Amino acid sequence: MSKPETELDLSALKWPARMTLVGLWAERITHAFWPLWAVIFASIAAVIIVGGVSLPVQVLWGFVGLAAAGFIAASVYAWRKFRAPSKSDALNRIDATMVGRPVTATLDTQALGGQDAASLAIWEAHKARMQTRLNEAEAVSPDLRVSAQDPYSLRYVALLLLVMTLGFGGLSRTGSLDDLSTAGLGQAVAAGPAWEIWIEPPAYTGKPSLYLNEVKTNALSVPKGSDLTVRLYGQVGSLTLTETVSGEVPSVRPEAEPQTAFSKIVEQDGVIRIKGDDLQEWEITVNADVRPVVIGNGEVSRQINGEMELPFTAKDDYGIERGSATITLDLASVDRRYGLVTEPEAREAIILDLPMPISGGRADFSEVLIENLSEHPWATLPVKIDLSVLDVSEQASEPLVVETELPGRRFFQPIAKALVEQRRDLLWSRENAPRISQVLRTVTYDPEGFFSSEVAYLTVRMAITRLELATEFGISDDKQAEIAEMLWSAATLLEDGRLSDALERLQRAQDRLSDAMREGATNEEIAELMQELNEAMQQYMEQLAQEGEGQEQQQAQGESQEITGDQLQQMLDEIQRLMEEGEMEQAQALLDQLMEMMQNMQVAEGQGGEGQQSPGEQAMEGLQDSLREQQGLSDEAFRDLQEQFNPNSQAGENDGNEGRNGGQGRGQSHEGQGGERGEQDGQQGQGNQQSQGEQGGEGSERSLADRQQALRDEIERQQRNLPGQGSAEGDAAREALDRAGDAMERAEEALRDGQTAEALGAQSDAMEALREGMRNLGEAIAERQQEGENQPGQGQGQASRQNRDPLGREQGANGSIGTDEQMLQGENAQRRSRELLDEIRRRSGEQGRPEVERDYLKRLLDQF
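Residues numbered from 1 in each chain as written. Predicted model: local features only at pLDDT ≥ 70, side-chain atom pairs only at ≥ 80, totals over all residues. Heavy atoms only, no water.

*Asks:* Looking at this structure, how should I read the packing of aromatic side chains?
*Replies:* Centre-to-centre distance and the angle between the planes together describe a pair of aromatic rings. Per the counting criterion, the structure on display carries eight aromatic pairs. Taking 5.5 Å as the distance between ring centres and 75° as the angle between the ring planes, the aromatic pair formed by Trp-195 and Trp-282 counts as edge-to-face. With Trp-195 in strand 1 (residues 194-200) and Trp-282 in strand 8 (residues 280-287), this pair connects stretches of sequence that are 87 residues apart. The buried category is assigned to Trp-282, whose relative accessible area is 1%. Between Phe-451 and Tyr-457, the aromatic rings sit 5.6 Å apart at their centres with planes inclined by 75°, giving edge-to-face as the arrangement. In this structure Tyr-457 comes out as buried when scored by relative accessible area, which is 1%. Its end group placed over the ring of Trp-15, Arg-18 keeps NZ or CZ at 4.9 Å from the ring centre. (Phe/Tyr/Trp six-rings, centres within 6.5 Å; stacked < 30°, edge-to-face > 60°. Helix = DSSP H or I, 4+ residues; strand = E, 2+ residues; numbered from the N terminus. Buried < 20%, exposed > 50% of the residue type's maximum accessible area, 1.4 Å probe, protein only. Lys NZ or Arg CZ within 6 Å of the ring centre and 35° of its normal.)

*Asks:* When you look at empty space enclosed by the protein in this model, what are you seeing that I'm missing?
*Replies:* In this approach, a probe sized like a water molecule rolls over the atoms, and the result shows the empty space that is left. Summed over the entire model, instances satisfying the criterion amount to two cavities of 30 Å³ or more. The computed volume of the largest cavity comes to approximately 50 Å³. The wall of the largest cavity is formed by eleven residues, among which Leu-232, Gln-235, Val-236, Gly-237 and Thr-260 lie closest to the centre. Across the lining of the largest cavity, the residue classes break down as five nonpolar, six polar and no charged. (1 Å grid on protein atoms, 1.4 Å probe; cavity = no way out; pocket = protein on both sides within 12 Å on 5 of 7 lines; lining within 4 Å. Points joined across faces, edges and corners; volume = space filled by probe spheres on them. Nonpolar A, V, L, I, M, F, W, Y, C, P; charged D, E, K, R; others polar.)

*Asks:* How do you make sense of the nonpolar core when you look at a structure like this?
*Replies:* Counting residues in each nonpolar core, the largest one holds 59 residues, and the members touching the most others are Leu-419, Leu-770 and Leu-777. Mapped by element, the contributors of at least two residues to this core are helix 8 (414-428), helix 9 (433-443), helix 10 (454-473), helix 11 (477-496), helix 16 (615-645), helix 20 (697-720), helix 21 (728-752) and helix 22 (756-787). Looking at this core, the element that brings in the most residues is helix 10, giving ten residues. Residues contacting Leu-777, with those up to four places away along its chain left out, are Gly-616, Ala-619, Met-620, Leu-623, Leu-722, Pro-723 and Ala-733. Among the nonpolar cores identified, the runner-up in size contains 28 residues, and Leu-310, Ile-320, Leu-354 and Val-402 belong to it. (Core = buried A, V, L, I, M, F, W, Y, C linked by side-chain atoms within 4.5 Å. Contact = heavy atoms within 4.5 Å.)

*Asks:* What's the story with the pattern of salt bridges in this structure? I'm lost.
*Replies:* Following the criterion strictly, the structure yields 32 salt bridges and no others. Among the salt bridges present, the one from Asp-425 reaches Arg-435, with a minimum N-O distance of 3.2 Å. Within this pair, whereas Asp-425 is found in helix 8, its partner Arg-435 is found in helix 9, the two being separated by ten residues in sequence. Judged by its relative accessible area of 0%, Asp-425 is buried. Arg-435 gets classed as partly exposed once you look at its relative accessible area, which sits at 28%. A salt bridge links Arg-466 to Glu-482; the nearest nitrogen and oxygen atoms lie 2.0 Å apart. Of this pair, Arg-466 sits in helix 10 while Glu-482 sits in helix 11, and the two are 16 residues apart along the sequence. Look at the salt bridges and you will find they share partners, linking Asp-706, Arg-712, Glu-716, Glu-748 and Arg-752 into a network. (Salt bridge = Lys/Arg side-chain N within 4 Å of Asp/Glu carboxyl O.)

*Asks:* How do you make sense of the sheet that holds strand 1 when you look at a structure like this?
*Replies:* Strands pair in a sheet through their backbones, by hydrogen bonds, and they do so in one of two ways: parallel or antiparallel. Reading across the sheet, the four strands line up as 2-1-4-6 and stay open at both edges, with antiparallel pairing between neighbours. Edge strands, defined here as strands with exactly one partner in the open sheet, are strand 2 (210-211) and strand 6 (261-265). Of the pairings in the sheet, the one linking strand 1 to strand 4 (residues 227-233) comprises seven bridges and is antiparallel in character. Each residue of the ladder has a partner; that of Ile-199, found in strand 4, is Leu-228. (Pairing = 2+ DSSP bridges.)

So, in structure tokens, the structure goes:
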């Protein structure tokens, strides 16, 4: 027999169902009857408005007919729309808002399995669970919104009319207002003739309004453009106004009624005269608004990073509103040689906003326009800078034309200087592309000893490939900008380097200073480079102190002696003095001696494991090899594409001894490890060249595809062994290698299908992703080195850090919080403060920045 079903208990739904039912009544009444309420409210408001006013019978019957039609239409809408809710509707509303619809489940019966004990047990358990959920039931709020049915809010318009008419009455009350105004006018006429005169200067002048009734003098000076307002009271015609300050010629019309109110603009010197029982006269002198003036406050200067500084002074009698600097190329002064022989491409002028003072007045101020235009195509070329300012009345100043060379960053490394020059020629005109390609191939022909950064070399090779491919099909604006950015990136890498420790930074600073002395740099640039050398030396000595427990030693000819910071500073001062006096050879000799001393410094506690590469360095070297190999594949695919469009081209001969596998040949010279791998790569390149020469055509494409697949497999292996897992930089490096693998897969498929052009695009994406992965990996390695994870003196470093506050400062004496040392001192801190202040001023003057950011920058300037 089947077990009897559990008796239902709906007592928990008693009050929720009642409250929901009440809400349903309110909801359905609102949705059905809102038009009827709107018609009733509008009809009542109309009755109040026209009540007490005699109107034609036709108009009254029109109002009645319109109200009746609206009432009938609203009633029909309510009759069709309204449905009285029931208890079942309330239960359904509650059931729809609960998980599992427990009301329906408890009222349901089992359709199948009624004779199965197990099925019955499951069914009873389900109904018991739903019964438990019924105890959590709550009343459902009604939906009283009718915005979808009344998108124009007519119900609120009717309600507003009703409230306004109840509060202010109808048209019948306007007669009382007329009586009041008539009474006031009568009182004014009875009081006799009177007048009032105001002169209100323009708001930008900041001058107060003049009420001539209270002014004791008859000679006044007012700004040009002031508003003159006159009011005459009393018997019409008893007072007359004559004035010559507006420059208007009065019209004589005898039949015209005399005016009692006047509004004029003061434009010139003249007289204001009122004739009546007494004569009132004022002599007005107009102060014209003087045009603003902008003058140069010094020559255009350039910082070591190429930043332009243009000091100027602006003046105006009431204040400067804004200003701009327009930079145009001075083509007549350009030295038209080499890549500048061709006609330049049209380029828009550079328009910069002049910085304005944040606090204080703007009537007379001096500021400095600071902008870095080193990457602009006109950098280091003759330009004209037109400075102009506008005052608050929109008057423009006479333009100040400054003829100068557009400041840009100076490059001292020879290869970097050549790359920047070719970049300038490319942006000058696309017609220079063939010449630029030849020059870049010459520069990269034998990179050993010239390219200190392998990433920079590969970037230039990639730029050559893209430039030659774009030349075949036409260089677009985006492609031109992309190649120019790659050349700039390679040049900055060569100039700045990718230095991983303090000693390399110190050597780099010394090289930059030596190059500057040879190139005849200015005293300002030498001072900046000396400051850079000083900072690099201090950082190197701090690292030595940390690793050697504060003892800095120099070993020279088997004897050890200490070098103090004061002695090093004396040598730096002597080097700078010699350079300022023009003794460059002596300065260079002393600089070499200083660098030799610094390189011979050793810490007392030796470090083991020299010559062994860390996992991060091994991973970086592997990625560099992969990037070289990918560049070689891209070069080879590009040459194949050239052969497809021009079978008679001598691409192989033009490439010199790069061979068919030029990218890998370059890899051998940059391997730095000597030995086996370079040999194998060279033999593999020769073997591939021979096999490709025999196969040709389709066999060449399949050979490239197979090598592309092998490189993709190598990238996947390197990704699995990549260090830095768990850090943001390490994860970013892995993500970049993922993208590189996907791009290589697309390149492989395109090569197998014979789509060489598509393969080149995918290979370019792969190289870009590899470069990004190398950058992220380098950041991860640098972060781990800073944290001291691979340093043997980590325990001592942690103990030392325990004595520092959260800002890294040593704690003060006697357990005090803070430090006794001076955090900001010397010329370095002052120079840095000036740089930060100039940068804040520059950004606060950029109109394109968000208003919130500019307000924040202004508050910073107010404080400092």
